[in-house]
Amino acid sequence: MLRFSRAKTGAILLVTLIGLLLALPNLLSPDQRVALPSWLPHRAMTLGLDLRGGSYLLLQVDSQALRKERAESLREDVRRTLREKRIGYTALRATDQGVQVRLRDPADSDKAVQALYALSQPLGGTFIGNAGQRDVTVSADKAAGTVAVNLTDAGITQRVRSAVTQSIEIVRRRIDQLGTTEPTIEGEGSDRILVQVPGLQDPTRLKNLLGQTAKLTFRLVDVQNSVQAALQGHVPPEDELLYSNDKAHVPYLVERQVLVSGEDLTDAQPGFDQRTNEPIVSFRFNAKGAQRFGEVTQRNVGRPFAIVLDNQVISAPVIREPILGGSGQISGSFTVQQANDLAILLRAGALPAPLQIIEERTVGPGLGADLIRAGETSAYVGSALVAVFMFVTYGLFGVFAIIAVAINVALIFGILSALGATLTLPGIAGVVLTVGIAVDSNVLIYERIREEIRAGRGVIGALEAGFSHALATILDTNITTFIAAAVLFFIGTGSVKGFAVTLGVGILTTLFTAYTLTRLIVAAWVRWRRPRTIPI
């Protein structure tokens, strides 16, 4: 057990050296890290929100809004399908469950069901229990002459999961536009998104950016029907009553049909109107959107054209002439920041569903600095007490353990730096806990060596038996702790995950340092001093 070949010794020392080099940038300032040679690691650990200060938001996808939007989309699909199949109907409405349609001739029920069944899509087998299910069901009541196209719970669940995945990327693009560094954006559960932006002290602008769906549509204003009648509840089925987003809240009767959507935008930039010097947002369409925009404006010269953002009319200019260049501008009494934020929203893209803020926190840099000092103090005091205990109890072998534990901590920081992990206050607690676990492994080894000495074994025999017999206990202890860390990582959230990662990495490094590295140090001491007794 105490015999190490040159290759094995070299491998252990190489792993230790690499770990120390990976941890080195954490001891240097940013300027010193830049001055390091290119072959050395430059990445240091990122301080978490609780240490550096910043904004924390927990967002939730609005599943009810997603269901309503899907029902509205399904209603248009049902209308189009029935017209294509020449099936007459007298009423068509969207409900919380889906769409209901009343047929002119109840005898067309089977034909309608067969035609509308094509609107349902099979759910993928990614999620357990989805096999064979579809996103909508179609049923008919022949006696009443109605057909129901209802949304399934499995279909809505899959749409929510998909919306979370899409929203994470869009949220990331929006936050990147703010110029912040190292934000943390990740899914949490089935319908939530965790957003942490270190260094951002004012979350108001961040909430404004993330609280908007940013669905931009271009629709015609209905000039044939009366807005006053719509205000009294007589809204035509093909129209929608919307209001302007300014303080006046001017009502507009806007056609439901979307002529051009924000999905066809390729760029949006803030600027100023050359005539009025007011802040505006200039936009540009892709080839498909430019062609569609040109056709619509060419056919509707003289009609008001509503620019709608999240069901609010930004502006409704009259089309004076066809716009064939594929670009235009949005004006709406913006401030400079509002124009800039709107450009950010349009460039980043629209969220598939609204995001509700269910939790928010702001940590000031002063509090973060206090937490860092508290964490450092606890780590130093705890490590010092452990070192004193080991030295008093085990003498020289306690020094060997202290060296191994110090290298263990350095390896933890080196691995976390290489992984790009974020250090949080619970992470510091994980490091302190790892120090205790590492020392505990050395205590098991040393107590076993003491037992072998009492049994009358010699120096080499006692050392080899102590290391070999303590291995099983060390493995059992650390494996069970690692399983607990894994469970915390997969079911925990936020800082709990950070603690689990630090603890898990610490357990792996402990197995390396407490058994392998300590054994190498002891073997080197034995070859050097050739002791007749063990000072333990």
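Reference entry: report on the structure contained in this document. Per-chain numbering applies: the sequence of each chain, read as written, is numbered from 1 onward. Under the rules for a predicted model, residues below a pLDDT of 70 receive no local features and side-chain atom pairs below 80 are neither given nor counted, while totals for whole chains, interfaces and linings still include all residues. Only hydrogens and water are set aside; all other atoms, that is, all heavy atoms of the structure, feed into the side-chain values.

**Quick notes on the pairing of strand 3 (residues 89–94)**
Across five bridges, the pairing between strand 3 and strand 4 (residues 98–103) is antiparallel. Bridge assignment links alanine 94 to a residue of strand 4, and that residue is valine 99. Strand pairing is assigned whenever DSSP identifies at least 2 bridges connecting the two strands. Where helices and strands are cited, they refer to DSSP runs of H or I of at least four residues and of E of at least two residues respectively, numbered from the N terminus. In textbook terms, the turn of a hairpin is the stretch between consecutive antiparallel strands, and for strand 3 and strand 4 this stretch comprises three residues.

**Things to note about the nonpolar core**
Inside soluble globular proteins, nonpolar side chains tend to come together where they are buried. Side-chain atoms within 4.5 Å link the members of a nonpolar core, which is a set of buried Ala, Val, Leu, Ile, Met, Phe, Trp, Tyr and Cys residues. Burial classes follow relative accessibility: with a 1.4 Å probe on protein chains only, a residue under 20% of its type's maximum area counts as buried, one over 50% as exposed, and anything between as partly exposed. One finds Val78 and Val195 to be the most contacted residues of the largest nonpolar core, which totals 40 residues. Pairs of residues are marked as contacts when any of their non-hydrogen atoms sit within 4.5 Å. In this structure, valine 78 is in contact with Leu92, Val99, Leu116, Leu119 and Val149, ignoring residues within four places of it in sequence. Membership of the second largest hydrophobic core comes to 28 residues, among which are Ala214, Phe218, Ile319 and Leu342.

**Points about helix 9 (residues 287–299)**
Spanning 13 residues, helix 9 covers 19 Å between terminal C-alpha atoms, matching the ideal 18 Å at 1.5 Å per step. Looking only at helix 9, the buried set comprises Gly289, Ala290, Phe293, Gly294, Val296 and Thr297. The buried residues of helix 9 all sit within an arc of 165 degrees when viewed along its axis, so they share a single face. Residues of helix 9 that are exposed and angled more than 90 degrees away from the buried face: Ala287, Lys288, Gln291, Gln298 and Arg299. Buried-residue contacts for helix 9 involve strand 9 (216–220), strand 12 (260–261), strand 14 (279–285) and strand 15 (305–309). The length a helix should cover is 1.5 Å for every residue beyond the first. As used here, the arc belongs to the directions running from the helix axis to the C-beta atoms.

**Quick word on the environment of threonine 393**
In this fold, threonine 393 is placed in helix 11 (residues 365–394). Residues threonine 393 and valine 443, spaced 50 residues apart in sequence, show a C-alpha to C-alpha distance of 9.6 Å.

**Regarding the layout of surface pockets**
Residues are called lining when one of their atoms sits within 4 Å of a cavity or pocket point, these points coming from a 1 Å grid over the protein atoms alone, where a cavity is a set in which a 1.4 Å probe fits but cannot get out and a pocket is an open set with protein on both sides within 12 Å along at least five of seven lines. Grid points are joined across faces, edges and corners, and a volume is the space filled by probe spheres set on the points. Considered as a void within the structure, the largest pocket measures approximately 1900 Å³ in volume. At ten residues, the largest contribution of residues to the lining of the largest pocket is made by helix 4 (residues 63–84). Its boundaries defined by the atoms lining it, the second largest pocket holds a volume of some 910 Å³. Along its surface, the second largest pocket is lined by 30 residues, and Leu27, Glu376, Tyr380, Val409 and Phe413 are the ones closest to its centre. Secondary structure elements with two or more residues in the lining of the second largest pocket: helix 11, helix 12 (396–419) and helix 13 (425–454). Among the elements that make up the lining of the second largest pocket, the one with the highest residue count is helix 11 (nine residues). Under this grouping Gly is polar, as are all residues other than the nonpolar Ala, Val, Leu, Ile, Met, Phe, Trp, Tyr, Cys and Pro and the charged Asp, Glu, Lys and Arg. Among the residues making up the lining of the second largest pocket, the classes are represented as 25 nonpolar, three polar and two charged.

**Side note on empty space enclosed by the protein**
The method is simple in principle: a probe with the dimensions of a water molecule rolls over the atoms, and the space it marks as empty is what remains. Here the structure, examined in full by the defined rule, presents one cavity of 30 Å³ or more. The space that makes up the largest cavity amounts to roughly 30 Å³. Together, Arg70, Asp135, Leu151, Thr152, Gly155, Ile156 and Arg159 line the largest cavity. If you tally residues by element for the lining of the largest cavity, the top one is helix 6 (residues 153–177), at three residues. Grouping the constituent residues of the lining of the largest cavity by class yields two nonpolar, two polar and three charged.

**Notes on a nonpolar patch on the surface**
The residues that make up patches have over 30% relative accessible area and no salt bridge, and they are joined within 9 Å when like-charged or within 5 Å when they are Val, Leu, Ile, Met, Phe, Trp or Tyr. Only the protein chains shown count as cover for residues, and all accessible areas are computed by the Shrake-Rupley method using a 1.4 Å probe. By definition, a salt bridge exists where a carboxyl oxygen of Asp or Glu is found within 4 Å of a side-chain nitrogen of Lys or Arg. Taken together, Leu475, Ile479, Ile483, Val487, Phe489, Phe490 and Ile491 make up a surface patch of nonpolar side chains, about 690 Å² in accessible area. Look at leucine 475 and you get partly exposed, because its relative accessible area is 33%.

**Notes on the sheet that holds strand 3**
The strand order across the open sheet built from four strands is 3-4-6-5, with neighbouring strands paired in antiparallel fashion. Looking along the sheet, the strands with just one partner apiece sit at the ends: strand 3 and strand 5 (136–141). In this sheet, adjacent strand axes meet at a mean angle of 15 degrees when their direction is disregarded. As judged from the six bridges shared by strand 5 and strand 6 (residues 146–151), these two strands associate in the antiparallel manner. By the bridge assignment for strand 6, alanine 140 is matched with valine 147. In this description, a line fitted to the C-alpha atoms serves as the axis of each element, helices being fitted only across the stretch in contact, and the angle between N-to-C directions of two axes falls anywhere from 0 to 180 degrees.

**Some thoughts on unusual backbone geometry**
Positive phi, normally seen in glycine, also occurs at aspartate 310, with a value near 50 degrees. Its place among the elements puts aspartate 310 in the loop between strand 15 and strand 16 (312–315). Among the residues examined, aspartate 310 registers a relative accessible area of 25% and is labelled partly exposed. Its identity as a non-glycine residue notwithstanding, arginine 530 has a phi of 45 degrees, on the positive side. Residue position: arginine 530 is located in the segment after helix 15 (495–529).

**Focus on the sheet that holds strand 17 (residues 327–330)**
Two orientations exist for strands paired in a sheet by backbone hydrogen bonds: parallel and antiparallel. In spatial order, the strands read 13-14-17; together these three strands make up an open sheet with antiparallel pairing. Every other strand in the sheet has two partners, leaving strand 13 (265–272) and strand 17 as the edge strands with one partner each. The mean inter-strand angle of the sheet, taken between neighbouring strand axes irrespective of direction, is 25 degrees. Of the strand pairs in this sheet, strand 14 and strand 17 are connected by four bridges, and their pairing is antiparallel. Bridge pairing in strand 17 links valine 281 to isoleucine 330. The strands touched by helix 10 (residues 336–348) are strand 13, strand 14 and strand 17; relative to strand 13, the strand with the most contacts, the crossing angle is about 175 degrees.

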